[in-house]
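Commentary on secondary and tertiary structure
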Amino acid sequence: GLDGYFRDYIMTLCIVVIFMIFGTLARVAVPILIGQAVDCYMAPTVDNATCWVDAGVDIGNDAARLSGIGWLSLLIISLYIFSSYAASRQFFFMSRAGFNVLRDLRQNVFDQVHRLTLGYFTENEAGDIMSRFTNDTDTLQQIIGFGLIQVVQGILFITFIIIAMFSQSFVYALISLITLPLMFFATQWFSAQARKAFRQARQEIGSVNASLQENISAVREVQAFSREDENIEQFRESNAANRDANIRAQAFSSALAPTLEALSYISIAIVAGVGGFVILGGGTLAGSVISLGLIITFVGFVQQFNQPVQQIALLWTNLQSAVAGAERIFEIIDEVPTISDKADAIEMPAIAGHVEFRDVHAAYKPEEPVLKGVDLAAQPGETIAIVGPTGAGKTTIINLLPRFWDTTAGAVLIDGHDVRDVKRESLRQQLGIVLQDTFLFSDTVMNNIRYGRLSATYDEVMAAAKLSRAHEFINKLPDGYSTILGERGGGLSQGQRQLLSIARVALSNPRILILDEATSSVDTRTEREIQAALDKLLEGRTSFVIAHRLSTIRNADQVLVLKAGKVIERGTHEALLAANGFYHELYMSQFHEEGEMQEGEGAGQGEGETAVYGD
């Protein structure tokens with residue numbers, strides 16, 4: 001919980017507590033001094049030996065009484081000044097500690113997000129995760145600084161006042177606190193209801209953010225399918241649900257403050273009424289002397305007692321929202337990654353490129369196996385093509401190599417090392433991946449290429465771009481390698497983004513290369529450029545290729561044909577065609593048809609392909 005984050009700032013918290021204690025004592029002392037001003041100097045009714053100032057003064061001496069009132073007034077003013085100074089100091093130190101805690105918390109959430117495995121992100125929407133990182137931490141920010149200190153100080157203040165009440169008059173204190181159980185019950189009940197409502201509200205705002213993020217990311221698809229009206233209606237419903245949840249939460253929270261205020265007025269009426277009857281009846285209550293000054297003191301106590309109670313009630317809205325937000329934040333922090341390094345994991349030695357799958361089984365859900373006993377062996381420098389219908393398990397195979405997922409049975413070995421026995425970072429640093437959907441960051445072309453190797457020089461980046469055949473179009477960009485790309489590479493064509501992705505992988509110089517349908521979404525001319533870059537990149541590297549197009553598969557040293565999670569055929573392109581099996585069917589139904597389409601295609605960009613900067 002949050003208490004663990006405050007441990008690093010224990011000295012700061014000690015300073016806050018010191019200021020809080022002495023500042024609170026100063027405020028508690030004020031009603032007592034006001035009562036003494038009445039009983040000792042204005043309307044003397046008690047032995048002035050109990051007075052804090054000028055004890056033993058002749059109460060018949062007006063000058064002495066004025067002097068006592070003057071000193072008491074000066075002391076009261078001094079106490080108010082000191083309590084104000086203490087409040088400012090404790091607020092400063094607590095705010096500093098609070099912002100440091102929030103910084104640490106955000107950093108831990110960010111670190112944890114990078115440690116979580118892909119399975120977590122397939123089950124949780126990106127917008128909801130972002131909402132926890134931003135909106136939920138913002139609710140904590142509102143309470144940790146000023147709000148938390150107000151609550152703690154209020155509780156401390158209430159405690160000190162109760163002690164002071166009982167020290168003045170035990171019986172009268174019990175009468176003054178007669179409404180305290182009702183206050184406690186009201187606070188507990190309204191708080192419980194508000195916490196449930198705020199928890200629902202935090203979930204709803206997460207859904208709103210998830211919907212917003214998804215629709216912005218998919219704006220092209222939304223407009224292409226004319227889904228604007230339907231999406232607007234869906235967002236309206238989600239937004240309305242968020243509104244209703246917040247209204248319900250605020251209804252319970254706002255009802256607490258007037259309830260406590262009404263009870264506080266009842267307490268003041270009881271103190272004043274009982275005190276008046278006691279004085280009129282002789283000034284004694286259950287053996288205790290009740291004076292006018294004592295009544296004024298207790299009225300001041302009750303008023304001061306109710307101030308922190310009402311402050312806590314007013315802050316309870318933010319506090320309950322913060323608790324609900326903290327629960328969602330710590331759900332991420334407490335999430336245990338399904339894939340992690342073993343305690344005795346070793347650094348992966350320099351990879352030669354021998355890869356072996358031994359009776360590999362894999363499943364994303366226990367009841368739905370994806371791979372069923374896959375065996376394969378790749379020698380260093382070989383290209384392994386993986387083909388099969390949708391859902392056959394092709395992508396799962398390449399997800400097992402960098403340990404994005406783990407096998408449920410069997411083993412994946414690289415150079416004889418089980419990938420589960422080596423540190424993931426040392427393994428992934430020697431693997432390169434080119435995906436169908438290339439992700440480029442809103443940064444310069446230079447930084448996008450050297451994303452996997454930040455220490456690369458300008459010449460090394462340029463060499464990688466030349467290898468990937470991206471150098472030519474980069475030089476045509478407005479600022480060359482310093483051109484800042486839009487979100488996800490906006491302004492570039494799909495082919496250009498793919499060439500930059502290849503350059504990024506080439507710069508990292510991996511020993512094993514994974515290509516996941518890297519050319520499936522580009523036109524024929526662009527495919528030729530990408531394929532030429534890939535042929536150069538593949539030289540001397542062990543590679544695994546998922547492709548629907550023949551250009552890569554024809555040159556593969558081995559083709560694995562997957563169906564329903566099993567390898568049903570394996571061999572070279574020519575041998576599999578000659579076998580007249582399932583691969584031959586795939587070729588005749590898909591690849592042969594694609595070849596005919598390629599013959600009829602002209603040069604230039606594919607239909608719908610847009611490049612703002614141009615090729």
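Please refer to the structure higher up on the page.
This report concerns the structure included in the present document. Here the structure is a predicted model, which is why all the values come from computation and not from measurement.

With that settled, the discussion passes to the overall build of the protein. On a plain count of helices and strands, the protein comes out with 20 helices and 12 strands. Residue burial in the protein is summarised as follows: out of 615 residues, 47% are buried. Total accessible area computed for the protein in this model is approximately 29,800 Å², and 57% of it derives from carbon and sulfur atoms.

A few words now on the sheet that holds strand β4 (residues 368-378). As a general point, the strands of a sheet are linked pairwise by backbone hydrogen bonds and lie either parallel or antiparallel. In space, the 4 strands of this open sheet follow the order β4-β3-β6-β7, with antiparallel pairing throughout. Two strands lie at the open edges of the sheet, namely β4 and β7 (417-418), each paired on one side alone. By the bridge criterion, 8 bridges tie strand β3 (residues 355-365) to β4 in an arrangement that is antiparallel. Across the sheet, the residue bridging to V355 is A378, located in β4.

Helix length check: helix α16 (residues 494-508) (15 residues) gives 22 Å between terminal C-alpha atoms against 21 Å at 1.5 Å per residue, within 8%. Burial analysis of α16 places 14 of its 15 residues in the buried class, which makes it a mostly covered element. Backbone geometry just downstream of α16 places N509 in the positive-phi region, at approximately 50 degrees.

Position of S169 relative to the elements: it lies in the loop between α5 (126-168) and α6 (170-176). S169 gets classed as buried once you look at its relative accessible area, which sits at 4%. Of note is the side chain of S169, whose polar atom sits 3.3 Å from the backbone nitrogen of Y172.

Okay, the environment of R420 next. Relative to the helices and strands, R420 is located in the loop between β7 and α12 (424-428). As a C-alpha pair, R420 and A345 span 75 residues in sequence and 7.9 Å in three-dimensional space. The residues contacting R420, other than those within four sequence positions of it, are K342, R403, D406, T407, G410 and A411. Of the polar contacts made by the side chain of R420, one reaches the backbone oxygen of G410; its length is 3.0 Å.

Counting residues in hydrophobic clusters, the biggest one holds 42 residues, and the most contacted among them are V445, I449, I474, Y481, L500 and V559. Among residues more than four places away in sequence, those in contact with V559 are A385, V387, I553, E569, R570, G571, T572, H573, L576 and Y583. Of all hydrophobic cores here, the second largest spans 35 residues; its members include M183, V278, F298 and A324.

Let us look at the sheet that holds strand β5 (residues 383-387). Strand order in the open sheet formed by 6 strands is β8-β9-β10-β5-β11-β12, with mixed pairing between adjacent strands. Two strands bound the open sheet, and with one partner strand each, they are β8 (431-435) and β12 (566-571). On average, each strand axis in the sheet is tilted by 15 degrees relative to the strand beside it, whichever way the strands run. Where β5 meets strand β11 (residues 558-563), 4 bridges bridge the pair, whose relative direction is parallel. Among the inter-strand pairings, V387 is bridged to a residue of β11, identified as V561. Sheet strands touched by α16: β8 and β9 (512-516). Its angle to β8, the strand with the most contacts, is close to 175 degrees.

Among the 5 residues that make up strand β10 (residues 542-546), 5 are buried, leaving the element largely enclosed by the rest of the structure. Neither face of β10 is open: one carries T542, F544 and I546, the other S543 and V545, and all of them are buried. Sheet topology note: the β5/β10 ladder contains 4 bridges and is parallel. When the sheet's bridge partners are listed, A385 is paired in β10 with V545. Relative to β10, β9 runs parallel, the two sharing 5 bridges.

Applying the stated criterion across every chain, the model contains 9 aromatic pairs. Look at F92 and F93: their rings are 5.3 Å apart centre to centre, the planes differ by 70 degrees, and that puts the pair in the edge-to-face class. Assessed through its relative accessible area of 39%, F92 is described here as partly exposed. Ring pairs connect the aromatic residues F19, Y85, F92 and F93, which therefore count as one cluster.

Quick look at the pairing of β12 now. Where β11 lies against β12, 5 bridges are found, and the strand directions are antiparallel. Bridge pairing in β12 places L562 opposite V567. Remark: 2 residues form the turn of the hairpin made by β11 and β12, two consecutive strands paired antiparallel; A564 in that turn has positive phi of roughly 55 degrees.

It is worth spelling out a nonpolar patch on the surface at this point. A cluster of nonpolar residues, I18, F22, L25, F82 and Y85, forms a patch on the protein surface that exposes about 500 Å² of accessible area. For the nonpolar patch, the secondary-structure elements that each account for two or more residues are α2 (10-42) and α3 (62-115). Take the nonpolar patch: its biggest share by element is 3 residues, from α2. Within the secondary structure layout, I18 lies in helix α2. Residue classification places I18 among the partly exposed residues on the basis of a relative accessible area of 48%.

We now examine unusual backbone geometry. We note that D415 has phi near 55 degrees; this positive angle belongs to a residue other than glycine. Within the fold, D415 resides in the loop between β6 (409-414) and β7. Classification of D415 as partly exposed rests on a relative accessible area of 24%. Of note in the backbone geometry, R469 takes a positive phi value of approximately 65 degrees without being a glycine.

Glancing now at the packing of helix α14 (residues 458-467) against α16. Put simply, α14 and α16 touch, their axes get as near as 8 Å, and they point 125 degrees apart. Regarding the angle of α14 to α16, the classification is oblique. Pair α14 / α16 crosses with right-handed handedness. Between α14, through E460, V461, A464, A465 and L467, and α16, the contact on the second element is made entirely by A503, A506 and L507.

Before going further, it helps to spend a moment on the environment of E204. Mapped onto the secondary structure, E204 falls in helix α7 (residues 180-217). Note on E204: relative accessible area 15%, which makes it buried. What E204 contacts, discounting residues up to four positions off in sequence, is S238, A241, N242 and A245.

Turning our attention to the pattern of salt bridges. This structure, assessed with the given rule, holds 11 salt bridges. Salt-bridge contacts for D421 lead to K342; the nearest nitrogen and oxygen are separated by 2.6 Å. Note that D421 is positioned in the loop between β7 and α12 and K342 in the loop between α10 (292-333) and β3, a separation of 79 residues in sequence. Where R420 meets D418, a salt bridge forms, and the shortest distance between an N and an O atom there is 2.9 Å. Here D418 falls in the buried class, since its relative accessible area comes to 14%.

Cut-off values and rules
Residues numbered from 1 in each chain as written. Predicted model: local features only at pLDDT ≥ 70, side-chain atom pairs only at ≥ 80, totals over all residues. Heavy atoms only, no water. Helix = DSSP H or I, 4+ residues; strand = E, 2+ residues; numbered from the N terminus. Buried < 20%, exposed > 50% of the residue type's maximum accessible area, 1.4 Å probe, protein only. Areas by Shrake-Rupley, 256 points an atom, 1.4 Å probe, with all protein chains shown as cover. Pairing = 2+ DSSP bridges. Expected span 1.5 Å × (residues − 1). Polar contact = N/O pair within 3.5 Å; in protein donor to acceptor, adjacent residues only side chain to side chain. Contact = heavy atoms within 4.5 Å. Core = buried A, V, L, I, M, F, W, Y, C linked by side-chain atoms within 4.5 Å. Axes fitted to C-alpha atoms, helices over the stretch in contact; angles between N-to-C directions. Phe/Tyr/Trp six-rings, centres within 6.5 Å; stacked < 30°, edge-to-face > 60°. Patch = residues over 30% accessible without salt bridge, like charges linked within 9 Å, V, L, I, M, F, W, Y side chains within 5 Å. Salt bridge = Lys/Arg side-chain N within 4 Å of Asp/Glu carboxyl O. Parallel < 35°, antiparallel > 145°, perpendicular 65-115°, else oblique. Left-handed = near helix turned anticlockwise from the far one by under 90°.

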